[in-house]
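One-letter residues, chain by chain:
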2 protein chains.
Amino acid sequence: MSCQKFFEIPACKKLLSHAGVINSPEKHLKNLIKEENRLEKFSLNRAGVFYDFSRQRVDEKAMELLFELAEDRKLNEMFNDMVIGKKINVTENRAALHTATRSFSDDPVCVDGRDVMPETRKVRDDIKQFASQIHSGKIRGTTGKKFKYIVVIGIGGSYLGAEFVSCALSDLADKDIKINFLANVDIHNFGRIVSLIDPETTLWIVISKTYTTAETMANTKLAYAFMEGKGLLPSKHFVTVTSKGSPGDDPLNPVAGSFHMFDYIGGRYSVTSAVGGVPLSIYLGYERFESFLKGAEKMDIHAVKAVARENIPLTAALISVWNTSFLGYQAQAVIPYASPLSRLAPHIQQLNMESNGKSITKEGDFLDEPAGTIIFGEPGTNAQHSFFQLAHQGKAFPIDFIGVINPFYKEYQEKSKGVTNHQELWSNMLAQAMALAVGKDDDNNAKYFSGNRPSSTFLLEDLSPENIGRLLSFYEAKTVFEAFIWDINPFDQFGVELGKTNASGIRSNIAAKNENSDYAFDKTDPITRFYLDTLFAGRL
Amino acid sequence: MSCQKFFEIPACKKLLSHAGVINSPEKHLKNLIKEENRLEKFSLNRAGVFYDFSRQRVDEKAMELLFELAEDRKLNEMFNDMVIGKKINVTENRAALHTATRSFSDDPVCVDGRDVMPETRKVRDDIKQFASQIHSGKIRGTTGKKFKYIVVIGIGGSYLGAEFVSCALSDLADKDIKINFLANVDIHNFGRIVSLIDPETTLWIVISKTYTTAETMANTKLAYAFMEGKGLLPSKHFVTVTSKGSPGDDPLNPVAGSFHMFDYIGGRYSVTSAVGGVPLSIYLGYERFESFLKGAEKMDIHAVKAVARENIPLTAALISVWNTSFLGYQAQAVIPYASPLSRLAPHIQQLNMESNGKSITKEGDFLDEPAGTIIFGEPGTNAQHSFFQLAHQGKAFPIDFIGVINPFYKEYQEKSKGVTNHQELWSNMLAQAMALAVGKDDDNNAKYFSGNRPSSTFLLEDLSPENIGRLLSFYEAKTVFEAFIWDINPFDQFGVELGKTNASGIRSNIAAKNENSDYAFDKTDPITRFYLDTLFAGRL
């Protein structure tokens with residue numbers, strides 16, 4: 001790709017200039033949405049989902065220029081390179097093949113000339129067999145009882161995706177199996193979980209690519225001690241998801257099952273690998289996990305094959321970059337009008353902010369301004385009664401509304417004010433998008449709404465596993481396309497290293513004090529020293 | 001207060017100019033924190049908490065000017081006016097007396113010459129008695145069984161605060177009583193909850209000031225029908241928290257208990273009123289709820305009595321306004337290093353964004369730029385493995401770190417790398433604040449950290465009810481002080497009205513179609529019409 005500065009690309013220069021046009025009063029959204037066939041021109045119905053950007057602050061010219069940028073950045077070609085196994089994670093010299101984990105095609109996917117599909121299929125087969133043996137009771141705990149609790153030990157990419165999906169699909173879950181996530185090294189996370197489970201019937205799933213993540217190792221050590229303290233054998237109650245040959249995949253430390261993850265799967269893109277596969281297949285059943293994969297595959301195929309103007313995640317990425325780099329919005333909200341999607345925003349927050357919160361191009365040059373944006377969100381209508389005051393009358397931020405046409409619970413048809421709860425939910429979702437766009441004049445300044453606040457609306461037919469797969473893949477592809485536009489690498493995360501290094505230094509100081517209570521923290525800076533003294537004093 | 005524009009206030013002019021100084025390289029945080037006695041000068045240990053702003057981008061001059069602004073805005077006087085019952089919610093002509101709900105003083109608090117303390121005390125006494133009768137089994141369900149489940153029906157301010165506190169203190173809860181929150185009108189929220197409860201032993205607590213909130217009324221109607229369908233009497237299974245004389249306080253619709261809220265308590269400030277009191281006293285026991293109130297009261301007394309330079313919430317508010325209005329940060333993160341505080345950020349998000357996301361002064365004049373900021377957050381260390389990549393190497397945002405000196409679970413002392421989990425947690429919290437401030441030079445641009453990223457650290461001695469009360473009151477007072485600085489009214493929320501009005505119009509259209517399937521949505525705009533047709537078609 002070019003070493004040209006982002007804002008010096010011809011399409012970007014034109015976009016910068018066109019942003020001035022869009023900021024003019026006649027291009028207020030209340031006018032744009034009145035244009036003939038606005039919705040038809042600014043929406044896509046593809047790959048089983050509907051994506052409406054008619055209430056984004058774009059006109060035909062803006063879209064034309066954005067697609068010119070897409071062409072300049074060779075987005076379709078880049079995405080294809082990713083899917084076929086090229087090493088597009090250049091800083092770590094790795095491929096990025098999360099799409100392979102949900103491929104059911106017979107085509108090979110080669111990295112360095114080696115087809116990775118056989119190992120990927122084998123992991124899926126292993127998971128299928130393992131989950132079935134858990135459900136049938138062929139695999140049981142130390143005392144011969146069937147498993148009723150799973151506790152997933154993992155953090156970040158080994159946690160948020162599986163949590164999002166298990167929460168989204170919990171209505172379909174096996175009611176005899178409860179799932180808990182032990183992510184935080186905070187002892188409260190461990191303490192609460194062990195107060196909820198029955199150790200004899202608990203299976204712990206330890207997820208760590210390297211098997212060295214500090215939090216996961218500390219929690220695993222605690223869990224081992226806890227189970228051994230109850231007279232239960234770790235080899236019967238622990239499962240690992242880790243790299244081949246890691247300390248978690250060591251025959252000298254036998255476990256009830258070990259499932260591999262590969263270097264071409266990044267943590268935040270790993271939900272469809274064994275990272276999500278093992279817990280979700282036990283919690284939901286393998287068939288539902290496979291449906292979820294197949295939904296993701298359908299969106300992947302769309303993302304790789306559809307031309308730019310018909311490509312939903314590509315178009316969404318262009319609009320996201322337009323909002324961030326040209327219109328100057330500093331944050332984006334993800335507001336699903338579906339309470340089962342309550343953990344979508346935290347997952348997308350990680351996926352997008354860890355991928356694209358970067359200051360350098362993938363070639364290592366500093367960007368004019370950092371890429372990425374802040375992502376946050378809560379489900380609607382809850383969010384309306386929380387931060388929507390600021391959305392309407394404070395500093396504006398773009399919103400992704402997500403709607404579901406058919407709810408899972410159809411048996412509750414009681415009406416209030418003539419409508420069912422699901423219809424009330426939709427009334428609100430539709431009203432918000434329009435109120436934000438159009439605003440309202442009022443002689444009373446307190447009741448004046450400036451409007452011109454952009455949003456997209458994304459529809460799913462229902463909350464089936466397949467559609468959750470589509471939704472996941474949409475956001476993954478959107479994130480990756482954004483990175484391609486900004487010319488950054490969405491697959492590394494060097495920004496998390498400094499904190500880890502510093503924590504290690506502080507940990508050593510604490511360990512020294514644990515060994516010798518006379519140890520003074522005189523090698524640390526005075527601020528840190530104050531905190532360490534306070535921690536050991538146990539009071540302010 | 002003055003009608004002067006914010007940036008024309010002398011202190012603000014000086015602050016704007018001083019922001020230029022702070023943006024110079026020599027005022028980088030890596031230099032500021034090396035100044036002698038930095039921590040002593042830029043921290044406060046008061047009211048049972050510790051607030052450290054040594055890693056905020058302030059020097060002595062900045063603080064001097066901020067306190068000049070505090071004086072100009074008469075912050076102490078304004079706060080005192082609020083606490084003594086003046087009608088500082090000017091747009092709604094109401095007092096704002098959340099502080100009265102946790103006052104255990106004998107002093108009267110008068111609104112329009114009437115002492116409100118007797119009615120406030122009576123509500124607390126009623127709650128105490130009711131909770132005790134639920135626990136003893138004196139009050140039981142239709143079939144004579146003791147209550148084991150409570151479901152709180154309420155949204156926004158009638159939900160997020162009680163959820164935050166119940167989550168923070170759940171380790172202390174009565175293990176025989178489970179709590180669920182039915183906030184969202186989404187039928188999935190209702191469907192999931194009724195799949196988890198035993199109707200015979202369920203008490204529903206309906207919370208709505210006006211008893212007209214659309215979501216709450218729709219859910220209450222469903223819950224009534226559900227209970228009646230099981231042959232259970234609503235009069236034995238429903239409790240209301242509402243205004244005197246509202247439809248929820250009607251003798252013709254008898255309930256198991258009715259508790260009053262008053263017009264001087266705003267929803268997002270209502271956790272310490274009956275809104276939080278009824279569910280929390282049943283879930284935790286009244287004594288713990290009272291300890292929580294007493295912690296909040298201690299912070300209130302500090303907020304009202306401490307001079308500006310020793311006043312923790314006032315200082316925190318000045319720094320928040322400094323970051324937002326003078327340094328240009330667009331968002332603030334709340335990162336508790338304590339997993340029980342996982343719902344703190346959503347509560348503060350509502351409290352702060354709904355209070356301060358405003359475009360006009362309390363006199364009705366437009367601000368130069370909207371007040372308020374985006375608040376978001378997840379617990380650490382989880383957040384480190386999620387969006388901290390962007391925090392370190394993307395666009396900067398200020399962070400509130402919250403630490404807890406003593407964990408609730410002391411029995412798990414297993415060490416990993418020489419430290420306990422709680423010590424590992426602290427190593428990370430301390431490392432992050434310093435890494436963000438100092439940064440790191442590196443010849444490899446990918447490993448370069450610009451630093452100069454501000455944060456505060458707030459310490460609690462433990463997660464006792466009293467300390468959760470302090471934390472809540474701190475954020476309430478900080479929010480209110482921010483509003484006083486910006487000269488806005490933090491107690492109204494006209495920005496939520498337009499969406500409600502529009503939703504009502506769409507609801508009527510849907511109701512008409514429910515009545516008559518031939519009804520065409522030809523009165524709505526074409527975009528909304530497409531969505532309504534899609535909803536009724538049930539597919540894309």
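Reading guide: rules and limits
- Residues numbered from 1 in each chain as written.
- Chains lettered and ligands numbered in written order.
- Predicted model: local features only at pLDDT ≥ 70, side-chain atom pairs only at ≥ 80, totals over all residues.
- Helix = DSSP H or I, 4+ residues; strand = E, 2+ residues; numbered from the N terminus.
- Rg over C-alpha atoms; globule rule 2.2 N^0.38 Å.
- Buried ≥ 20, exposed ≤ 12 C-beta atoms within 10 Å, placed from the backbone.
- Contact = placed C-beta atoms within 7 Å.
- Least-squares fit on C-alpha atoms with pLDDT ≥ 70 in both.
- Pairing = 2+ DSSP bridges.
- Axes fitted to C-alpha atoms, helices over the stretch in contact; angles between N-to-C directions.
- Domains from an automatic or database assignment.
- Nonpolar A, V, L, I, M, F, W, Y, C, P; charged D, E, K, R; others polar.
- Core = buried A, V, L, I, M, F, W, Y, C linked by C-beta atoms within 7 Å.
- pLDDT = per-residue confidence, 0-100.
- Expected span 1.5 Å × (residues − 1).
- Arc of directions from axis to C-beta.
- Parallel < 35°, antiparallel > 145°, perpendicular 65-115°, else oblique.
- Left-handed = near helix turned anticlockwise from the far one by under 90°.

1. A short note on the overall build of chain A
Stage number 1. In terms of regular secondary structure, chain A is built from 19 helices and 13 strands.
Stage number 2. In terms of overall dimensions, chain A is globule-like: its C-alpha atoms have a radius of gyration of 25 Å, near the 24 Å expected for 540 residues.
Stage number 3. Viewed in the frame of its principal axes, chain A has a C-alpha envelope of about 75 × 60 × 60 Å.
Stage number 4. Out of the 540 residues belonging to chain A, those deemed buried represent 59%.
Stage number 5. Look at the contacts in chain A between residues 6 or more apart in sequence, and 74% of them connect residues 24 or more apart.

2. Section: the relation of the copies chain A and chain B
Stage number 1. When chain A is fitted onto chain B, the two copies agree to an RMSD of 0.0 Å after a turn of 180 degrees and an axial shift of 0.0 Å. Taken together, these values place the two copies in the relation of a two-fold axis.
Stage number 2. Comparing contact sets, 100% of the residues at the interface of chain A also lie at the interface in chain B, consistent with an isologous, same-surface contact.

3. Quick word on the sheet that holds strand S6 (residues 178–182) of chain A
All names here are of chain A.
Stage number 1. Read across the open sheet, the five strands follow the order S6-S5-S7-S8-S9; overall the sheet is parallel. The open sheet has two free edges, formed respectively by S6 and strand S9 (257–261), since each of these has just one partner strand. Strand-to-strand twist across the sheet, computed as the mean angle between neighbouring axes with direction ignored, equals 20 degrees.
Stage number 2. Relative to S6, strand S5 (residues 149–153) is paired through five bridges, and the arrangement is parallel. Among the inter-strand pairings, Ile150 is bridged to a residue of S6, identified as Ile179.
Stage number 3. Across the sheet, helix H9 (residues 214–229) is in contact with S5, S6 and strand S7 (202–207); its angle to S5 comes to roughly 145 degrees.
Stage number 4. Contacts from helix H11 (residues 274–284) reach S5, S6, S7, strand S8 (238–243) and S9 within the one sheet, and its direction differs from that of S9 by about 140 degrees.

4. Considering the sheet that holds strand S1 (residues 43–46) of chain A
Residue and element names in this part refer to chain A.
Stage number 1. Pairing in this open sheet of six strands is mixed, and the strands run S1-S2-S13-S12-S10-S11 from one edge to the other. Only two strands of the sheet have a single partner each, and these edge strands are S1 and strand S11 (374–376). Each strand of the sheet is rotated relative to its neighbour by a mean of 15 degrees, with strand direction disregarded.
Stage number 2. Alignment of strand S2 (residues 49–52) against strand S13 (residues 455–460), held across three bridges, turns out to be antiparallel. Bridge pairing in S13 links Phe50 to Leu459.
Stage number 3. Sheet contacts for helix H16 (residues 421–438): strand S12 (399–404) and S13; angle to S12, the most-contacted strand, approximately 155 degrees.

5. A short note on the domain arrangement of chain A
Stage number 1. Here the domain parsing of chain A yields domain 1 (6–72 + 308–492), domain 2 (101–290) and domain 3 (495–537).
Stage number 2. Spacing between the C-alpha centres of domain 1 of chain A and domain 3 of chain A amounts to 43 Å.

6. A word on the interface of chain A and chain B
Stage number 1. At the interface, 121 residues of chain A touch 121 residues of chain B.
Stage number 2. Considering each element in turn, the side of chain A that touches chain B owes the most residues, 13 residues, to H16(A).
Stage number 3. Broken down by class, the residue content of the side of chain A that touches chain B amounts to 59 nonpolar, 43 polar and 19 charged.

7. Here's the deal with unusual backbone geometry
Residues and elements named next belong to chain A.
Stage number 1. The amide bond that connects Gly380 to the next residue, Thr381, takes the cis arrangement and shows omega of 5 degrees.
Stage number 2. Position of Thr381 relative to the elements: it lies in the loop between S11 and helix H15 (388–393).
Stage number 3. In this structure, Asn452 takes a positive phi of about 65 degrees despite not being glycine.
Stage number 4. Here Asn452 is to be found in the loop between H16 and S13.

8. Description of the nonpolar core
Stage number 1. With 337 residues, the main nonpolar core has Val152(A), Ile205(A), Leu318(A), Val152(B), Ile205(B) and Leu318(B) as its most contacted residues.
Stage number 2. Beyond its immediate stretch of four places on either side in the chain, Val152(A) contacts Tyr159(A), Ala162(A), Ile179(A), Phe181(A), Leu182(A), Ile205(A), Ile207(A) and Pro279(A).

9. Quick look at the confidence of the model for chain A
Stage number 1. With 99% of its residues at a pLDDT of 70 or more, chain A has an overall mean of 97.
Stage number 2. Note on the complex model: pTM 0.97, ipTM 0.97.

10. A closer look at the environment of Lys500(A)
Stage number 1. Looking at where Lys500(A) falls in the secondary structure, it is placed in helix H18 (residues 497–515).
Stage number 2. In this structure, the C-alpha to C-alpha distance between Lys500(A) and Gly141(A), residues 359 residues apart in sequence, is 36 Å.

11. Describing the environment of Leu498(B)
Stage number 1. Relative to the elements of secondary structure, Leu498(B) occurs in helix H18 (residues 497–515).
Stage number 2. A residue is classified by how many C-beta atoms lie within 10 Å of it, and Leu498(B), with 25 of them, is buried.
Stage number 3. Taking the C-alpha atoms as reference points, Leu498(B) and Leu32(B), separated by 466 residues in sequence, lie 46 Å from one another.
Stage number 4. Residues contacting Leu498(B), with those up to four places away along its chain left out, are His392(A), Ala435(A), Lys440(A) and Phe449(A).

12. Re the pairing of strand S7 (residues 202–207) of chain B
On a regular strand, each side chain points to the face opposite its neighbour's, so the side chains alternate between the two faces of the sheet.
Residues and elements named next belong to chain B.
Stage number 1. Of all six residues in S7, six are buried, a share of seventy percent or more.
Stage number 2. Of the two faces of S7, the one carrying Thr202, Trp204 and Val206 and the one carrying Leu203, Ile205 and Ile207 are both buried.
Stage number 3. Pairing geometry for strand S5 (residues 149–153) and S7, over five bridges, is parallel. Considered in S7, the bridge of Val152 is made with Ile205.
Stage number 4. Where S7 lies against strand S8 (residues 238–243), four bridges are found, and the strand directions are parallel.

13. Notes on helix H14 (residues 344–356) of chain B
An α-helical turn contains 3.6 residues, so a residue and the one three or four places further along point in the same direction.
Stage number 1. Compared with the 18 Å implied by 1.5 Å per residue over 13 residues, the 18 Å span of H14(B) between its first and last C-alpha is a close match.
Stage number 2. The buried fraction of H14(B) amounts to 13 of the 13 residues, a majority that puts the element mostly inside the structure.

14. Remarks on helix H6 (residues 117–136) of chain B
Residues and elements named next belong to chain B.
Stage number 1. Relative to the 28 Å expected for 20 residues at 1.5 Å per residue, H6 spans 28 Å between its end C-alpha atoms, a close match to the ideal helical length.
Stage number 2. Buried residues of H6: Thr120, Val123, Arg124, Ile127, Phe130, Ala131 and Ile134, and no others. All buried residues of H6 fall inside an arc of 130 degrees around its axis, so they share one side. The outward face of H6, more than 90 degrees from its buried face, is lined by the exposed residues Pro118, Lys122, Asp125 and Ser136.
Stage number 3. Considering only its buried residues, H6 is in contact with strand S9 (257–261), helix H11 (274–284) and helix H12 (286–305).

15. Examining the packing of helix H1 (residues 10–22) of chain A against helix H4 (residues 60–72) of chain A
Packed helix pairs are specified by the crossing angle of their axes together with the interaxial distance, meaning the distance between the axes.
Residues and elements named next belong to chain A.
Stage number 1. H4 packs onto H1 with a crossing angle of 160 degrees between their chain directions and a minimal axis gap of 10 Å. In terms of their interaxial angle, H1 and H4 are classed as roughly antiparallel. Remark: the crossing between H1 and H4 carries left-handed chirality. Contacts between H1 and H4 involve Ala11, Cys12, Lys14, Leu15, His18 and Ile22 from the first element and Lys61, Ala62, Leu65, Glu68, Leu69 and Asp72 from the second.
Stage number 2. For the contact of H1 with H4, the per-class residue count stands at seven nonpolar, one polar and four charged.

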